[in-house]
Amino acid sequence: MMKQRSFCTSLWQCYFEYSTPKILVIRSFKVGTLNRFTQALVIAYIIGYVCVLKKGYQDTDTVLSSVTTKVKGIALTNTSDLGLRIWDVADYVIPPQEENSFFVLTNLIITLNQTQSRCPELVLKFTSELTPKSPPSGVQTGKCVNYSADVKTCEVWAWCPLEMDAEPPVPPMLGDAENFTVLIKNSIRYPKFNFNKRNILPHVNTSYLEHCVFNRITDPDCPIFRLKDMVTEAEEDFQTMAVHGGVMGVQISWECNLDMPSSWCVPKYTFRRLDNKDPVNNVAPGYNFRFAKYYKNGDNQETRTLIKGFGIRFDVMVFGQAGKFNIVPTLVNIGAGLALLGLVTVVCDWIVLTCMTKKNLYMEQKYSYVDDFQLLSSETP
């Protein structure tokens, strides 16, 4: 019974305890040096990292963007199938417009004068027992016909003659595409700050655009890029990449400090290859697709030219962040800094009371107790 009453009394007194900080001034070279060094680290972090590097005094907004492109260039080819031919932008940019990207044809395999008729399936589609190795090129008629004097295959109803499954030409047919140029027009907006800009900067005029090509040293503000230069900056060879095609990334970065003049907010361009070119895992390399051009001959029969096109797709990716002074994040980061300074005292107290040789003396001076319950008991007659 007495133990239970003592426990309740202790619990009651603990509930009404109140702790208040006590200032203990320790004149010690070691403790003082540790305290000032730790404070200096915290202040350097607040000023150097939070305020200067991360601009913690600013409110931020992410970029909204739109991109349009215009490719220009002429290529000349001379082949046994097509003869001497000129290729312009209507021939090699497929489709004419894409969202935030454009494709340039660099190589092709052409199958001329296809008509819907019956013809033997390709030998490579079958094993020696005439078992299909891949989906047929057309609808099988059920007949077995001569593919050559010694080989027979299944007859199919398809666009004949069938496309030959061959490797693309080396060097690429449209290797001259390396000298094509593209005008990239990029408009950006930071809605929170009502800030708009485009990559054709105010000092760029029509006469300048007629002859400029992007160069990091001489023309860093020119929005016209030579395709070969873009691929070269990605540490790739254009002629090698043009054989099977690939995917390139054009990255436009808008990192803007709106506390500074708007002329300081300019785009930065980087280029890199996006598709996989691993020499070990090289199944289905590059980038290609098929398309056809249809027409009718003199007998009013529909014919087509099938083109397996290889080329480079350029994906334009825009990203960025703008910052501007705002009192709210400023006060938040100042408050966080003051809280960190308060931790300095906690760290120093822990070191003094656990590691110093005079820790017992410091602890006696640091902590003392005033028990009103005992005082009241002693004052009671």
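Bear in mind that the values here come from a model prediction, so they are computed numbers and not experimental data. (Residues numbered from 1 in each chain as written. Predicted model: local features only at pLDDT ≥ 70, side-chain atom pairs only at ≥ 80, totals over all residues. Heavy atoms only, no water.)

**Things to note about the pairing of strand 4 (residues 83-87)**
Both strand 3 (residues 75-79) and strand 4 contribute to a ladder of five bridges, which runs antiparallel. Along strand 4, the bridge assignment pairs asparagine 78 with leucine 84. Hairpin connection, strand 3 to strand 4: the antiparallel pair is bridged by three residues. (Pairing = 2+ DSSP bridges. Helix = DSSP H or I, 4+ residues; strand = E, 2+ residues; numbered from the N terminus.)

**With respect to a nonpolar patch on the surface**
Taken together, Phe325, Ile327, Val328, Leu331, Val332, Ile334 and Leu338 make up a surface patch of nonpolar side chains, about 710 Å² in accessible area. Broken down by element, the residue count for the nonpolar patch peaks at six residues, all from helix 7 (residues 327-355). Mapped onto the elements, leucine 331 comes out in helix 7. A relative accessible area of 53% places leucine 331 in the exposed class. (Patch = residues over 30% accessible without salt bridge, like charges linked within 9 Å, V, L, I, M, F, W, Y side chains within 5 Å. Areas by Shrake-Rupley, 256 points an atom, 1.4 Å probe, with all protein chains shown as cover. Salt bridge = Lys/Arg side-chain N within 4 Å of Asp/Glu carboxyl O. Buried < 20%, exposed > 50% of the residue type's maximum accessible area, 1.4 Å probe, protein only.)

**Regarding the UniProt feature "glycosylation site" (unreviewed entry) in the protein**
Sites flagged by UniProt as "glycosylation site" (unreviewed entry) map to Asn179. Note that asparagine 179 resides in the loop between strand 7 (152-160) and strand 8 (181-190). (UniProt positions renumbered as here; feature names shortened; annotations may be inferred.)

**What to know about the pattern of salt bridges**
Taken as a whole and judged by the stated rule, the model has eight salt bridges. Its salt-bridge partner being arginine 85, residue aspartate 91 comes within 3.8 Å of it at the nearest N-O pair. For arginine 85, a relative accessible area of 26% corresponds to the partly exposed category. The partner of arginine 226 in a salt bridge is aspartate 229, and the shortest N-O contact between them spans 3.1 Å. Classification of arginine 226 as partly exposed rests on a relative accessible area of 29%. Exposure remark for aspartate 229: the relative accessible area of 30% places this residue in the partly exposed category. What you see here is one network of salt bridges that share partners, running through Glu236, Arg273 and Asp275.

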